[in-house]
Amino acid sequence: MEHPYKNLEGTAVWLIVDSALADLEENQDLTLTTAREYVVGYLCKSLLKGQPANGDHIDKPLSFG
């Protein structure tokens, strides 16, 4: 069965999130009980949804003022 995040596979954000999760699993800081594709896809979707409309990058500090 194909997951709903197929369009994000192979993107930079997918590779970064997948790698970070793998590190956490390797260190035994995290155990996934949901299919990996769903976890990675959901986190990617959430990160990309948070991308500011003004073109700022998500790694730029937010300024409130």
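Along every chain, residues carry numbers that run from 1 in the direction the sequence is written. Under the rules for a predicted model, residues below a pLDDT of 70 receive no local features and side-chain atom pairs below 80 are neither given nor counted, while totals for whole chains, interfaces and linings still include all residues. Each side-chain value is derived from all of the structure's non-hydrogen atoms; neither hydrogens nor water enter the calculation.

Caption draft 1: Spatial organisation of the overall build of the protein. A run of DSSP states H or I qualifies as a helix once it reaches four residues; a run of E qualifies as a strand once it reaches two. Both are numbered from the N-terminal end. Summing up its helical and strand segments, the protein has two helices and zero strands in all. Here the protein holds 65 residues, and 17% of them are scored as buried. Considering only contacts within the protein whose residues lie at least 6 apart along the sequence, 51% involve residues at least 24 apart. Only carbon and sulfur atoms are counted for the fraction: they give 55% of the accessible area of the protein, which is about 5,200 Å². Here's how the labels work: a residue is buried when its accessible area is under 20% of the maximum for its type, exposed when over 50%, partly exposed in between, all with a 1.4 Å probe on protein chains only. For this analysis, residues touch if any pair of their heavy atoms sits within 4.5 Å. For every accessible area listed, the method is Shrake-Rupley and the probe measures 1.4 Å; residues are considered covered only by the protein chains on display.

Caption draft 2: Here's a closer look at helix α2 (residues 36-49). Over its 14 residues, α2 runs 20 Å from end to end, which matches the ideal 20 Å to within 8%, given 1.5 Å per residue. Residues of α2 that are buried include every one of V39, V40, G41 and C44, and no others. Those residues of α2 that are buried are in contact with α1 (12-26). Helix span is expected to be 1.5 Å times the residue number reduced by one.

Caption draft 3: Structural context of unusual backbone geometry. Here Q28, not a glycine, exhibits a phi torsion of approximately 60 degrees, which is positive. Its location among the elements puts Q28 in the loop between α1 and α2. Judged by its relative accessible area of 70%, Q28 falls in the exposed class.

Caption draft 4: Representation of the pattern of salt bridges within the structure. In the sections that follow, a salt bridge refers to a side-chain nitrogen of Lys or Arg positioned within 4 Å of a carboxyl oxygen of Asp or Glu. Scanning the model with the defined rule gives three salt bridges in all. R36 serves as the salt-bridge partner of D18, at 2.5 Å between the closest nitrogen and oxygen. Of this pair, D18 sits in helix α1 while R36 is found in helix α2, placing the two residues 18 residues apart along the sequence. Among the residues examined, D18 registers a relative accessible area of 26% and is labelled partly exposed. Here E25 and R36 are joined by a salt bridge, their closest N and O atoms 2.6 Å apart. You can see E25 sitting in helix α1 and its partner R36 sitting in helix α2, a full eleven residues away along the chain. Three or more residues joined by partner-sharing salt bridges are found here, namely D18, E25 and R36.

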